[in-house]
Amino acid sequence: MTDYSRPRVLLLGDPAARPEGIERALVRGGFQVTEADHLATARPSGPVPDFILITSPAVNAALTEELERLGGKHWHGVPSMVLLSAGDTDAATRVLSQGASDVMIAPFHLPEIIARAHARIRGRTDVVGMRQSSEQQELLFDIFQEASGALRPDEIVQTLVRRVGEALDLARCSFVLTPPGEQMGRVMAVFENPTVRDIQVDLSRYPEIIEAVRTEKPVFIPDVQEHPLFRGVRERWSEQQLQPDVRSVVALPVNLHGRTSGVFLLRTGANDAILSEQQLDFAGTLSKAASRLLETEERRAGIYRRQMQAGATDPLTGCGSLDALDLRIREEFERARRYALSFSLILLDVDALRTLNERFGTNTGDKVLVEMGTILQRELRAPDFVSRYGGDEFALILPETDLDGARRSVGRVRTRISAHPFPDLNPDDRPRISAGIVSFPHPSALQTEDLFALVEAALLRGKAQTEERIGTAESVAA
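Residues numbered from 1 in each chain as written. Predicted model: local features only at pLDDT ≥ 70, side-chain atom pairs only at ≥ 80, totals over all residues. Heavy atoms only, no water.

(A) Here's a closer look at the overall build of the protein chain. Each helix and strand counted, the protein chain has 13 helices and 16 strands in total. Per-residue burial for the protein chain yields a buried fraction of 46% across its 478 residues. Taking as baseline every contact in the protein chain between residues at least 6 positions apart, the subset at least 24 positions apart corresponds to 64%. (Helix = DSSP H or I, 4+ residues; strand = E, 2+ residues; numbered from the N terminus. Buried < 20%, exposed > 50% of the residue type's maximum accessible area, 1.4 Å probe, protein only. Contact = heavy atoms within 4.5 Å.)

This is the structure we're talking about:
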């Protein structure tokens, strides 16, 4: 198995000019050694080496061309040493002026070559480390300033996933909720596909997540094709004839109130470089800070909920009150404008509730409303919101849902109603609903009051229909 903790040396140049035993001495000196004819044939998609060693019989055109390549973007900043089989101080000066970090002229002393290589790597690591530390501090401040401005915990997670993916240039980055003792997790945010929200995943497919939850410590797998933790997953891939585009993975546990509640999952593509130690440190710092940020937000939200509890719930149905609806629609309106998102507002009217009250009494009508509230609260996703709107109406707020998605939601609610047993009603008396929908952004919605006017008008158009009974803010009267 490859040891990714050992510094990497790329050996280039004329093999005949190499000191005898140099490869063996480098390996014994603690390096990983790879070889290439010249930089043009070295694999740029692989890990960038920590040190480049070039051997040449003398200062010639081939060596000059290789040193020019060192100035390219991919190899820029990597320390290099040239070993010349013949030459003088003028030759050494020319090599250094052409871009080499160091030069030695035969006869060579292998321990000195090893010592110089280590010194060059240490010097570069110190400089790069200080620069990266300063940059990461600024980036962390910027990320958490943006995340702190989010309105809800799920927005905080989405912001963090997006910024981590961008900062580390990852192929994949996501946040997975991991309920204790459960085999299924919930993906709450995905960097490479921001539309993916709140979907279940089988944690047996992600041994790195299981291990991070079990140990409550970060898990880094440099190469999933070699690591024993992925043996079972590799067998499953082979059975299913899959070749996933993944090389290394990192699972960073996020602890809330003393237990692991979720995991940041980072993955690099099959042709990407292994994540560096600095990148891993940065991601680890971010996950710890995310834990504190989410805990703070959870406490703030708890205080806010307790303060609002008295007037936040409709006493009959258990859904949100009008005051809660007004607050939530303002929050969603501001969030959608800030992040250029969409959302839908739906009004549902329980058709002929007055007739049910007249035939069976108001107690039966109230029980129907209670059952309707229960159906709506069970059907909606975690970010959605439902409230009592009027005597026989309910309002639904569906974040990041367009008009077609809102229509599908109404269809699912109708399916639930048709399958739900209403104990005080005959099957023929089962309630039916009409709906009005407005989706934001909308050219006529400059404030939240406009949304309510639009959706109420849409509901009237829906009630006037004989078939679908769904009116929209863009539709015309049926």
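(B) Geometry of the packing of helix α11 (residues 362–379) against helix α12 (residues 403–419). The contact between α11 and α12 brings their axes to 10 Å, and the two run at 130 degrees. By the angle class used here, α11 and α12 are oblique. The chirality of how α11 crosses α12 is right-handed. Facing Met 372, Ile 375, Leu 376 and Glu 379 of α11, the residues of α12 in contact are Arg 412, Val 413, Arg 416 and Ile 417. (Axes fitted to C-alpha atoms, helices over the stretch in contact; angles between N-to-C directions. Parallel < 35°, antiparallel > 145°, perpendicular 65-115°, else oblique. Left-handed = near helix turned anticlockwise from the far one by under 90°.)

(C) Summary view of the environment of Ser 344. Position of Ser 344 among the secondary structure elements: in strand β12 (residues 343–350). For the pair formed by Ser 344 and Ile 437, sequence separation is 93 residues and the distance between their alpha carbons is 6.9 Å. Among residues more than four places away in sequence, those in contact with Ser 344 are Leu 396, Ile 397, Leu 398, Thr 401, Asp 402, Leu 403, Ala 406, Val 438 and Ser 439. Of the polar contacts made by the side chain of Ser 344, one reaches the backbone oxygen of Thr 401; its length is 2.8 Å. (Polar contact = N/O pair within 3.5 Å; in protein donor to acceptor, adjacent residues only side chain to side chain.)

(D) Up close: the pairing of strand β5 (residues 102–105). Two elements, strand β4 (residues 80–84) and β5, share 4 bridges in a ladder whose sense is parallel. Residue pairing for β5: Leu 83 is matched across the bridge by Met 104. Between the parallel pair β4 and β5, the chain is carried across by helix α3 (residues 89–97), and the sense of this crossover is right-handed. (Pairing = 2+ DSSP bridges. Right-handed = clockwise from strand over helix to strand, strands pointing away.)

(E) Summary view of the pattern of salt bridges. Under the counting rule described, the total for this entry stands at 23 salt bridges. A salt bridge links Glu 400 to Arg 335, with the nearest nitrogen and oxygen atoms 2.6 Å apart. Of this pair, Glu 400 sits in the loop between β14 (393–399) and α12 while Arg 335 sits in helix α9 (residues 322–339), and the two are 65 residues apart along the sequence. The class for Glu 400 is partly exposed, based on a relative accessible area of 26%. The exposure class assigned to Arg 335 is buried, which follows from its relative accessible area of 2%. Put simply, Arg 328, Glu 332, Arg 335 and Glu 400 are held in one network by salt bridges that share partners. (Salt bridge = Lys/Arg side-chain N within 4 Å of Asp/Glu carboxyl O.)

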